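Here is how the chains run, residue by residue.
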Amino acid sequence: MPELPEVEITRRGLVPHLVGRRVEAVVVRNRNLRWPIARNLGKRISGSTVRSVERRAKYLLIGCGSGWLIVHLGMSGSLRVLPRATPAGKHDHFDLVIDSGLIVRLTDPRRFGAVLWEARDPWTHPLLADLAPEPLGAGFDAGWLHARTRGRSAAIKTVLMDNHTVVGVGNIYASESLFRAGIHPKTAAGKISRERCSRLVQAIRETLGAAIDAGGSTLRDFVGSDGNPGYFQQSYYAYGRVGEPCRVCGKTIRLLRQGQRATFFCPQCQR
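Owing to the predicted nature of the structure, the values given are computational and were not obtained by experimental measurement.

Novice: Sorry, what's going on with helix α5 (residues 171–181) here?
Specialist: Counting buried positions along α5 gives 10 out of 11 residues, so the element sits mostly inside the fold. The inward-facing, buried residues of α5 contact α1 (4–18), α4 (156–160), α6 (194–213) and β10 (261–265). A positive backbone phi angle near 75 degrees is found at G182, which sits one or two residues after α5.

This is how it looks when you write it as structure tokens:
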């Protein structure tokens, strides 16, 4: 699943192609995504000028003056900028046609993504209104994390992946951040001290920042808006490296299951 770095990379790639451009039309080949695409979306958006491309958690928000497109990439989706004449493939469900001769195309093999229209303030949309702070923003700090974890017996990795704790940190980056912070993924969240919370916040920021710089992670489907894959997977410390030596201490990376998700960790570096 595309996580925060992949969505942020997509956002940055779209900005120079979309902002200031006029939307000429939309092409909907399959409206049955996670939530159905509105039948009148073309009427609502055609002729509008894109004013901004923003991100909240793993959602992209495309401001069009009269409203906002809220886009989610789902489990396997990507948005690519392509020439208008590019033939559509089996999983190319939606095109945003812009006046530059280009299109923004949503490819989503599993159809768990979404293209929604919001005419009002998008930040109050039910999908966005109750989300926790952004991990790269000022609202996410040691004080916030320490307060949100008090009294929690759940494992810290599970808590990090909860959008009411912090947004956008999925399975890959939770594992990598916990490695950098030296925290065992099964540690009860409520037992982590404020000092270790500070270390973990910094590790999350460093991990996500490094992933963005590397173009994200491409394990199966993800490509950026330019069609290029990410390369952060080549730098993983823990994720996907079960049975391999730890890059820091040489111990063997182990695997455990948490909530039906694979968790990778070093038994020496993470306590």
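From this point, the discussion proceeds with the structure in view.
Novice: For this particular structure, what's the right way to read the environment of A262?
Specialist: Within the element layout of this structure, A262 appears in strand β10. In the structure, A262 is positioned 22 residues away from G240 in sequence and 8.6 Å away in space, judged by C-alpha atoms. Sequence-distant contacts of A262, defined by excluding residues within four places in its chain, comprise K157, N171, S175, L255, L256 and R257.

Novice: What am I meant to see in the packing of α5 against α6 here?
Specialist: Two numbers describe a pair of packed helices, the interaxial angle and the distance between the axes. Two elements in contact, α5 and α6, have axes whose closest approach is 8 Å; the angle formed by their N-to-C orientations is 125 degrees. Judged by the inter-axis angle, α5 sits oblique to α6. Where α5 crosses over α6, the handedness of that crossing is right-handed. Packed against α5, whose contacting residues are Y173, E176, S177, L178, R180 and A181, the element α6 presents R199, L200, A203, I204, E206, T207, L208, A210 and A211 at the interface. Residue classes in the contact of α5 with α6 are distributed as nine nonpolar, two polar and four charged.

Novice: Explain α6 to me, please; I cannot follow it from the model alone.
Specialist: Helical geometry: 3.6 residues make up each α-helical turn, so side chains three or four residues apart lie on a common side. Across its 20 residues, α6 extends 29 Å between first and last C-alpha, which sits within 8% of the 28 Å expected from 1.5 Å per residue. Those residues of α6 that are buried lie in contact with α1, α3 (142–149), α4 and α5.

Novice: Where do I start with the pairing of strand β7 (residues 102–107) in this structure?
Specialist: Working note: regular strand, side chains alternate between the two faces of the sheet. Most of β7 sits inside the fold, with five of its six residues counted as buried. Where strand β5 (residues 78–83) meets β7, six bridges bridge the pair, whose relative direction is antiparallel. Across the sheet, residue R80 finds its bridge partner in β7, namely R105. As judged from the five bridges shared by strand β6 (residues 92–98) and β7, these two strands associate in the antiparallel manner. Note that in β7 the partner of L96 across the bridge is V104. Here β6 folds back onto β7 in antiparallel fashion, the turn holding three residues, of which G101 has a positive phi close to 90 degrees.

Novice: Explain the sheet that holds strand β3 (residues 59–63) here, please?
Specialist: Pairing between sheet strands relies on hydrogen bonds along the backbone, with the strands arranged either parallel or antiparallel. Taken together, the four strands give an open sheet; going across it, the order is β2-β3-β4-β8, and neighbouring strands pair in antiparallel fashion. Across the chains shown, the open sheet's two edge strands, defined by having one partner strand only, are β2 (52–56) and β8 (114–118). Strand-to-strand twist across the sheet, computed as the mean angle between neighbouring axes with direction ignored, equals 25 degrees. Here α1 sits on the sheet and contacts β2 and β3; the angle it forms with β2, its principal contact strand, is near 170 degrees.

The rules behind these values
Residues numbered from 1 in each chain as written. Predicted model: local features only at pLDDT ≥ 70, side-chain atom pairs only at ≥ 80, totals over all residues. Heavy atoms only, no water. Buried < 20%, exposed > 50% of the residue type's maximum accessible area, 1.4 Å probe, protein only. Helix = DSSP H or I, 4+ residues; strand = E, 2+ residues; numbered from the N terminus. Contact = heavy atoms within 4.5 Å. Axes fitted to C-alpha atoms, helices over the stretch in contact; angles between N-to-C directions. Parallel < 35°, antiparallel > 145°, perpendicular 65-115°, else oblique. Left-handed = near helix turned anticlockwise from the far one by under 90°. Nonpolar A, V, L, I, M, F, W, Y, C, P; charged D, E, K, R; others polar. Expected span 1.5 Å × (residues − 1). Pairing = 2+ DSSP bridges.

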